[in-house]
Amino acid sequence: MNISIDTLIDNTSDLALKNIAQKVKLQQRITDEEGLLLFEKGSLPFVGTLANFIRERLHGDTTYFNRNFHIEPTNVCVFSCKFCSYSRLYAKKDEGWELSIDQMLDIVKKYDGKPITEVHIVGGVHPKMNMAYFIELMQKIKAHRPDLHVKAFTAVELDYMFRKAKLTVEEGMKQLHDAGLDSLPGGGAEIFAPEIRLQIAADKIDGDGWLHIHEVAHNLGMHTNATMLYGHIEKYEHRIDHMRRLRELQDKTGGFNTFIPLKFRNENNDMSYVPESTITEDMRLYAIARIYLDNFAHLKAYWPMLGRENAQLSLSFGVNDIDGTIDDSTKIYSMAGSEEQTPAMSTQQLVTLIKQVKRKPVERDTLYNVVKDYTNINFEEALFDAQLN
Ligand code: V47
Ligand code: SF4
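First things first, this report covers the structure right here in the doc. Numbers given to residues run from 1 along each chain, matching the order in which its sequence is written. Ligands are numbered from 1 and chains lettered from A, in the order in which they are written. Whole-chain, interface and lining totals are the exception, using all residues; otherwise, since this is a predicted model, local features are given only for residues with pLDDT of at least 70 and side-chain atom pairs are given and counted only at 80 or more. Only heavy atoms go into the side-chain values, all of them from the structure, while hydrogens and water stay out.

Let's talk about the site of ligand 2
Next, step 1: Any residue with a heavy atom lying within 4 Å of a molecule or strand is counted as near it. The full set of residues close to ligand 2 is Cys77, Phe79, Cys81, Phe83, Cys84, Ser87, Gly124, Val156 and Lys204.
Next, step 2: Residue polarity follows a fixed list, in which Ala, Val, Leu, Ile, Met, Phe, Trp, Tyr, Cys and Pro are nonpolar, Asp, Glu, Lys and Arg are charged, and the others, Gly among them, are polar. Its residues assigned to classes, the shell around ligand 2 shows six nonpolar, two polar and one charged.

Quick notes on the site of ligand 1
Next, step 1: Looking at ligand 1, there are 22 residues lining it, with Lys151, Gly186, Gly187, Gly188 and Glu190 nearest.
Next, step 2: Two N or O atoms form a polar contact when they lie within 3.5 Å of each other; inside protein one atom must be a possible hydrogen donor and the other a possible acceptor, and for residues adjacent in sequence the pair counts only when both atoms belong to side chains. Within the side chain of Asn225, an N or O atom sits 3.1 Å from an oxygen atom of ligand 1.
Next, step 3: The protein chains hide 96% of the 620 Å² of surface that ligand 1 would expose on its own.
Next, step 4: Every element with two or more residues in the shell around ligand 1 is listed here: strand S8 (223–230) and strand S9 (256–263).
Next, step 5: Among the residues forming the shell around ligand 1, the class breakdown is nine nonpolar, eight polar and five charged. Note on areas: Shrake-Rupley, 1.4 Å probe, and residue coverage restricted to the protein chains presented here. The secondary structure listing takes helices from DSSP runs of H or I that are at least 4 residues long and strands from runs of E that are at least 2 residues long, numbered from the N terminus.

Points about helix H6 (residues 131–144)
Next, step 1: Under the convention used throughout, the expected extent of a helix is 1.5 Å for every residue step, that is, one less than its residue count. Here H6 is 14 residues long and its end C-alpha atoms lie 20 Å apart, about the 20 Å a rise of 1.5 Å per residue gives.
Next, step 2: Using a 1.4 Å probe on the protein chains alone, a residue whose accessible area is under 20% of its type maximum counts as buried, one over 50% counts as exposed, and one in between counts as partly exposed. Residues of H6 that are buried include every one of Met131, Tyr133, Phe134, Ile135, Leu137, Met138, Ile141 and Lys142, and no others.
Next, step 3: Here a residue-residue contact requires only that any non-hydrogen atoms of the pair lie within 4.5 Å. Check the buried side of H6 and you find it contacts helix H5 (101–110), strand S5 (118–121), strand S6 (149–152), helix H7 (155–164) and helix H8 (169–179).

Focus: helix H15 (residues 347–356)
Next, step 1: Listed in full, the buried residues belonging to H15 are Thr347, Leu350, Val351, Leu353 and Ile354. Looking down the long axis of H15, one finds its buried residues gathered within 160 degrees of arc, a one-sided arrangement.
Next, step 2: Lys358 lies just past H15 and shows a positive phi near 65 degrees. Read the arc as the range of directions from the helix axis to the C-beta atoms.

Overview of the nonpolar core
Next, step 1: Grouped together as the largest cluster of nonpolar side chains are 115 residues, with contacts concentrated most on Met138, Met173, Leu176 and Phe259.
Next, step 2: Once residues lying within four places of it in the same chain are set aside, the contact partners of Phe259 are Ala226, Thr227, Met228, Met243, Leu246, Ala289, Leu293, Phe296, His298, Leu299 and Lys300. The definition of a nonpolar core used throughout is a set of buried Ala, Val, Leu, Ile, Met, Phe, Trp, Tyr and Cys residues joined through side-chain atoms within 4.5 Å.

Comments concerning the sheet that holds strand S12 (residues 360–364)
Backbone-to-backbone hydrogen bonds join strands into a sheet, with any given pair of strands oriented parallel or antiparallel.
Next, step 1: Taken in spatial order, the four strands make up an open sheet running S11-S1-S12-S13, and their pairing is mixed. Here the strands that pair on one side only, and so sit at the sheet edges, are strand S11 (321–324) and strand S13 (370–373). Pairwise comparison of adjacent strand axes, ignoring direction, gives a mean angle of 30 degrees for this sheet.
Next, step 2: Where strand S1 (residues 62–66) meets S11, two bridges bridge the pair, whose relative direction is parallel. Residue pairing across strands places Tyr64 opposite Asp321, the latter belonging to S11. DSSP-based pairing: two strands are paired if at least 2 bridges between them are found. What counts as an axis is a line fitted to C-alpha atoms, over the stretch in contact for a helix, and the angles between N-to-C directions run from 0 to 180 degrees.

Focus on the pattern of salt bridges
Next, step 1: Should a side-chain nitrogen of Lys or Arg be within 4 Å of a carboxyl oxygen of Asp or Glu, the pair is scored as a salt bridge. A full pass over the atoms with the stated rule returns 29 salt bridges.
Next, step 2: Through salt bridges with shared partners, a single network forms among Asp32, Asp208, Asp241, Arg244, Arg245, Arg247 and Glu248.

Re the environment of Ile135
Next, step 1: Relative to the assigned elements, Ile135 resides in helix H6.
Next, step 2: By relative accessible area, which is 17% here, Ile135 ends up buried.
Next, step 3: Residues Ile135 and Gln175 lie 40 residues apart in sequence; the distance between their C-alpha atoms is 7.7 Å.
Next, step 4: Those residues in contact with Ile135, other than ones at most four positions away along the chain, are Gln175, Leu176 and Ala179.

Describing the packing of H6 against H8
Next, step 1: The contact between H6 and H8 brings their axes to 8 Å, and the two run at 25 degrees. It follows from the interaxial angle that H6 and H8 lie roughly parallel. Two secondary-structure elements touch here, H6 through Met131, Phe134, Ile135, Met138, Gln139 and Lys142 and H8 through Gly172, Gln175, Leu176 and Ala179.
Next, step 2: Among the residues making up the contact of H6 with H8, the classes are represented as six nonpolar, three polar and one charged. Oblique is the label for any angle not covered by the other classes, which are roughly parallel (under 35 degrees), roughly antiparallel (over 145) and roughly perpendicular (65 to 115).

Structural notes on the environment of Gly187
Next, step 1: Relative to the assigned elements, Gly187 resides in the loop between strand S7 (183–184) and helix H9 (194–200).
Next, step 2: A C-alpha to C-alpha distance of 21 Å links Gly187 and Tyr90, two positions 97 residues apart in sequence.

Some thoughts on the environment of Asn269
Next, step 1: Summarising the element assignment, Asn269 is placed in the loop between S9 and helix H12 (279–292).
Next, step 2: Between the alpha carbons of Asn269 and Met335 there is a distance of 9.2 Å; along the sequence they are 66 residues apart.
Next, step 3: Excluding anything up to four places from it in sequence, Asn269 contacts Lys82, Phe83, Cys84, Ser85 and Phe264.

Here we look at the side chain of Arg145
Next, step 1: Mapped onto the fold, Arg145 is located in the loop between H6 and S6.
Next, step 2: The exposure class of Arg145 is buried, given its relative accessible area of 10%.
Next, step 3: Leave out the neighbours within four places in its chain, and Arg145 touches Tyr111, Asp112, Lys114 and Ile116.

In structure tokens form, the structure reads like this:
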């Protein structure tokens, strides 16, 4: 692919596409119509070259990862999203799991003495796990390990918690933040456009509600992530609509850290009849997201969902972050058919994965502060030195 943006502009005969390439070169924002045109007419090499140009302008070869683990408090859920392979309705709760606060603390304690920087806590919406329960959890995690960044609860979980506690979003968010909640993950966004959302996730918070919860978090000084579930029944216009709403909120608050496209996986759910998107479409989507979301600093490929080799490939299509070590602590994607049945990567494996495709591995914390640059660290030598000393 390695051609320059000037060569790309010279070689593009379609005037509308040429104009988009010129805009990218001049760091100008593309319109919704231009975003749509990229989905309809932009070839993989065309969008890939533009996305890589932006990625390298923003980050050079730097590729971030972090050391993290997940806690999934429960997979019992009052909602019934059609794409979900993971949840069990409350009526069938015997088939699911529910962790007590002590069990979750035991998971945190497993990492005592290990240089982990983040815990990611997301699960189903259990009718009995309420504000008081999660406030206690936050407080106990922070009492045990104050430096651990707690990124927890999708807007879906928060909306249910706040409504049950009869709190406004502002009140509820403040209480959780005071108890130790540092930032929000990007889940639950799915596709905002009501005509699609109502078909795949009819009974949970709508797109405006999701955006409002993130805006309130941003106003409290918290950072959050944003996702988009793609490759199912949505059309290109719905992807653009989704990203436009995120771009608008980011203009207003600047509170999003990263955008994470989530590829729909079709095993064991009510949408198994929908074929999964191809790798070409996946890479085109990453690239177009990188071009369209000009006010998002980071674009993440979540390797447990995409697989390791595809995550590597995505680094040439705008992605500059591949999430973290995970340590086999999440089931969402293995249950939906991901090739990664026990997702766990050591720091060495992540570093090697990134170096294999000639990028620079940098460990970050949740807020993208650099923890350690591994570019010049040779693990074999480091191991050898450690054995000698
Ligand atoms: O909201 C559920 C998705 C999300 C399927 O913020 C599915 O750093 C594909 O949001 N096929 C939860 N996707 C996970 C999530 C996340 C993951 C990693 C990092 C971060 C972050 C956030 O998982 C749900 C839904 O969109 N999901 N089922 C499925 N069958
Ligand atoms: Fe529940 Fe989330 Fe699954 Fe929807 S995606 S059914 S809200 S666990």
